[in-house]
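What follows is each chain in one-letter form.
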Amino acid sequence: MEKRDITDKIVSLCKRRGFVFPGSEIYGGLANSWDYGPYGTELKNNIKQAWWKMFVQQRDDMVGIDAALIMNPKVWEASGHLKEFNDILIECKNCHNRFRQEGKALKCPNCGQQEFTAPKSFNIMLKTHLGPTEDSASQVYFRPETAQAMFVDFKLILNSTRQRIPFGIAQIGKAFRNEVTPGNFIFRTREFEQMEIEYFIRAKDWKKYFDYWLEQMKNWLDFLGLNKKHLHFREIAEDERAHYSKRTIDVDYDFPFGTKELYGLAYRTDFDLTNHQKASGQDLAYTDPISGERFIPHVIEPTFGVDRSVLAVLCESYTEEKVKDEERTVLRFPKYLAPIKIAVFPLLKNKAKLVKKAQEVYNDLRKKYMCEFDDNGNIGKRYRRQDEIGTAYCVTIDFDSLEKGDVTVRDRDTMKQERISINDLDKYFQSNLSNN
Ligand code: GAP
């Protein structure tokens, strides 16, 4: 299958089955905005919850926050974003569309003309106004990264928790960038979500913790089920690094539309805390409770795009295969990430006893797992429908179930079926759907 073809197929499956819809579609859409539908929301939530569990819940040295999307504009002055967060663009002299100068742009992709202005710098912070007046005093910005609140709140967190260096602050939330060239489905959008960690350390330890966090990121990539062959770790040269970074490694993934950045790991030094200390006049130093040593902590930042995680998992999982001369499309998600864990079917929908029993089993399982009840069409069709959304298991209640109290459990990947006692279902799913 052509790579391009796969992207189109994934985009179309996402729309047809309710993973991701074009945003504002009934009004003709809004350039590159996307809405997560019912299954996409489940998948995205599963990824975010698993990330939180791995990096916050199961660690002693991490606490989480959930900060405001709009911060005091002085934050962005101090962080350098108002000055440095730019894209270099050229403008077509004929149609005035602006583009990133990627390689040697010889022809305008919009009108085909070949004359451009000299490259100019455009800030990509997304602006809005707070309050009823729209003057420069009310101008604010949507955060372009979740990171800054973790620096701005650093002292409050230190004072309200028992964390000592080294420790980290984590956050999941939306970020906004007025991207000049959004595109490739949910890969680059103007509104997206990040999962970020700011890990505070002593300057002398930065190399150790940089390596440590690279390993942690690899564990996470493994957890997402991404094939190591599709992942590349790229050292970013000094002139390409963000203004705050002294070392950056990008994690690239082989998306069907090209090998592109999935995540990043940066050594932000003491850049942010030092600048916020200067700009706010507040003391942001850390005092070691035992030695009394005072210093501005340095920071290692592993950053993970949520939407790019969803997209990579979709691309990795998308499979078309032939089963007994029939095509089947399967989303082979790691089972613990599947939007629907278990689908429950009565063998026949017009047999009241079967339907009643199936509903009992369904109501019991849904207390713990995201489940779906389906009595539409024949069993083969139901399996295909569930395969296409990546449902991990299908449970069928038949006449034997009424007598013997067992059901058929069918595995999405092997398509093998086994009889399991209704009483043992919870134990069975607990061990097969666990992510520990
Ligand atoms: N705090 C550091 C930071 O924001 P970044 O490399 O600019 O670093 C981090 O962004 C991650 O956020 C990226 O690796 C990517 O996963 C995601 N991301 C960035 N821009 C995005 C966009 N326009 N659309 C979707 N995801 C984006």
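Everything here concerns the structure above.
Residues numbered from 1 in each chain as written. Predicted model: local features only at pLDDT ≥ 70, side-chain atom pairs only at ≥ 80, totals over all residues. Heavy atoms only, no water.

Asker: Sorry, what's going on with the packing of helix α2 (residues 38-57) against helix α9 (residues 306-317) here?
Answerer: Packed helix pairs are specified by the crossing angle of their axes together with the interaxial distance, meaning the distance between the axes. Axis separation between α2 and α9 bottoms out at 10 Å; the angle between their running directions is 115°. Between α2 and α9, the interaxial angle falls into the category roughly perpendicular. Judged by the sense of rotation from one axis to the other, the crossing of α2 with α9 is right-handed. Between α2, through Leu43, Lys44, Ile47 and Lys48, and α9, the contact on the second element is made entirely by Val306, Asp307, Ser309, Val310, Val313 and Leu314. Residues that form the contact of α2 with α9 fall into these classes: six nonpolar, one polar and three charged. (Axes fitted to C-alpha atoms, helices over the stretch in contact; angles between N-to-C directions. Helix = DSSP H or I, 4+ residues; strand = E, 2+ residues; numbered from the N terminus. Parallel < 35°, antiparallel > 145°, perpendicular 65-115°, else oblique. Left-handed = near helix turned anticlockwise from the far one by under 90°. Contact = heavy atoms within 4.5 Å. Nonpolar A, V, L, I, M, F, W, Y, C, P; charged D, E, K, R; others polar.)

Asker: Quick question: what am I supposed to make of the sheet that holds strand β14 (residues 258-269) here?
Answerer: Pairing between the strands of a sheet comes from backbone hydrogen bonds, and it takes one of two forms, parallel or antiparallel. Within the open sheet, the seven strands sit side by side as β3-β10-β11-β17-β14-β13-β12. Their pairing is mixed. Single-partner strands in this sheet number two, and they are β3 (62-65) and β12 (231-235). If you compare each strand with its neighbour and ignore which way they point, the axes differ by 25° on average. One ladder, built from six bridges, connects strand β11 (residues 191-201) with strand β17 (residues 298-305); its direction is antiparallel. In the sheet register, Met195 faces β17, and the bridge partner there is Phe304. Most of the contacts of helix α7 (residues 206-223) go to β14, to which it runs at about 145°, and overall it touches β3, β11, β12, β13 (247-255), β14 and β17. (Pairing = 2+ DSSP bridges.)

Asker: Sorry if this is basic, but what is going on with the packing of α2 against α7 here?
Answerer: At their nearest, the axes of α2 and α7 sit 12 Å apart, and the two run at 140° to each other. The element α2 and its partner α7 pack so that their crossing is right-handed. For the pair α2 and α7, contact is made by Ile47, Ala50, Trp51, Met54 and Phe55 and by Trp213, Gln216, Trp220 and Phe223, respectively.

Asker: What is the right way to look at the layout of surface pockets in this model?
Answerer: Unoccupied space between atoms shows up once a probe the size of one water molecule is rolled over them. Computed from the structure, the largest pocket encloses a volume of approximately 1,500 Å³. Lining the largest pocket are 48 residues, and of these Phe85, Arg177, Glu240, Asp250 and Glu261 sit closest to its centre. Residue assignment for the lining of the largest pocket shows that the elements contributing at least two residues are α4 (81-84), β5 (86-91), β11, β13, β14, β17 and α9. A per-element tally of the lining of the largest pocket places β14 first, with eight residues. Its residues assigned to classes, the lining of the largest pocket shows 16 nonpolar, 12 polar and 20 charged. Roughly 430 Å³ of volume is contained in the second largest pocket. In terms of lining residues, the second largest pocket is bounded by 16 residues, among which Tyr336, Lys341, Lys368, Leu433 and Asn435 are the most central. Only α2 and α13 (425-433) provide two or more residues apiece to the lining of the second largest pocket. (1 Å grid on protein atoms, 1.4 Å probe; cavity = no way out; pocket = protein on both sides within 12 Å on 5 of 7 lines; lining within 4 Å. Points joined across faces, edges and corners; volume = space filled by probe spheres on them.)

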